[in-house]
Amino acid sequence: MIRTATVTVTAAAVLALVGAAPAPAAGSVAAANDPVTVQLTVTGPAGTVFSDEVTTTGHTVSPLTGGAQLCDGTNGGANPEPGATPTAALDDAAQQNGFTWDGVWYTSFDDYLVTQIDGITQTADEFWLISVNGTATPVGGCQFLVSDGDEVAFTWTEID
């Protein structure tokens, strides 16, 4: 009987401790913003500017002008959890490979319009199109989350 009482008390103590400890939050920031590796291709009017794998997370990005802004998929309330984005991947590639990018920050969208990559600046007739896995992103490059293995492209595109 004493043995049974000891087991019961021990089990109750363990359950009390487990119940008192905070459970890890589902999709916590650390888990949601783990690094991902994407294939990033930047194609300008004269051909490929950059093409390689980039490992990235959602983070504060720093364009050539205009100041740094958070770019982690939570922009504009697009996603509840942070993660890697196309513009964050571009920012990492630029910093690691010696080219620049620039953009206009729109507070109303909580996102950038990428206007220049490697000195190639948008015009009234051409712009930088962001696509993931061959499809233009339906939101800005700081709002769209990317996953391991995604193909991210910034492509110089004529306006029709």
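These figures come from a predicted structure and were not determined experimentally.

Participant: Account for unusual backbone geometry, naming residues and giving values.
Facilitator: One non-glycine residue with positive phi stands out, namely Asp110, at about 55°. Its location among the elements puts Asp110 in the loop between β5 (101–106) and β6 (111–117). Phi at Asp118 takes a positive value of approximately 55°, unusual for a residue other than glycine. Tracing the backbone through its elements, the reader meets Asp118 in the loop between β6 and β7 (120–121). Asp118 sits in the partly exposed class, given a relative accessible area of 40%.

Participant: If you had to explain the environment of Val49 to someone new, which residues and values would you point to?
Facilitator: For Val49, the location among the structural elements is in strand β2 (residues 47–56). With 105 residues separating them along the chain, Val49 and Phe154 place their C-alpha atoms 9.8 Å apart. Among all residues touching Val49, those that are not within four sequence positions of it are Val42, Thr43, Gly44, Asp118 and Ile120.

Participant: I'd like to hear about the packing of aromatic side chains, residue by residue, with values.
Facilitator: Under the defined criterion, the tally for this structure stands at five aromatic pairs. Residues Trp105 and Tyr112 carry aromatic rings whose centres are separated by 4.9 Å and whose planes lie at 70° to one another, so their mutual orientation is edge-to-face. By the burial criterion, Trp105 is buried, and Tyr112 matches it. Taking 5.2 Å as the distance between ring centres and 65° as the angle between the ring planes, the aromatic pair formed by Trp128 and Trp156 counts as edge-to-face. Of this pair, Trp128 sits in strand β8 (residues 126–132) while Trp156 is found in strand β10 (residues 151–158), placing the two residues 28 residues apart along the sequence. Judged by its relative accessible area of 4%, Trp128 falls in the buried class. Taken together, the aromatic side chains of Trp101, Trp105 and Tyr112 make up a single cluster linked through ring pairs.

Participant: Pulling in residues and values, what's your account of the environment of Val61?
Facilitator: Tracing the sequence through the fold places Val61 in strand β3 (residues 59–61). Other than its neighbours up to four places away in sequence, Val61 contacts Gly67, Ala68, Gln69, Cys71, Thr87, Ala88, Asp91, Trp101 and Tyr112.

Participant: Could you give an account of the sheet that holds β2, with specific residues and numbers?
Facilitator: To summarise the sheet geometry, strands pair through backbone hydrogen bonds and adopt either a parallel or an antiparallel arrangement. If you trace the five strands from one edge of the open sheet to the other, you get β2-β1-β10-β8-β9, paired in mixed fashion. Here the strands that pair on one side only, and so sit at the sheet edges, are β2 and β9 (135–136). Here strand β1 (residues 36–44) pairs with β10 via five bridges, running parallel. What sits directly across from Val42, in β10, is Phe154. Along the sheet, helix α3 (residues 86–97) makes contact with β1, β2, β8 and β10, crossing β2 at roughly 105°.

What counts as what
- Residues numbered from 1 in each chain as written.
- Predicted model: local features only at pLDDT ≥ 70, side-chain atom pairs only at ≥ 80, totals over all residues.
- Heavy atoms only, no water.
- Helix = DSSP H or I, 4+ residues; strand = E, 2+ residues; numbered from the N terminus.
- Buried < 20%, exposed > 50% of the residue type's maximum accessible area, 1.4 Å probe, protein only.
- Contact = heavy atoms within 4.5 Å.
- Phe/Tyr/Trp six-rings, centres within 6.5 Å; stacked < 30°, edge-to-face > 60°.
- Pairing = 2+ DSSP bridges.
- Axes fitted to C-alpha atoms, helices over the stretch in contact; angles between N-to-C directions.

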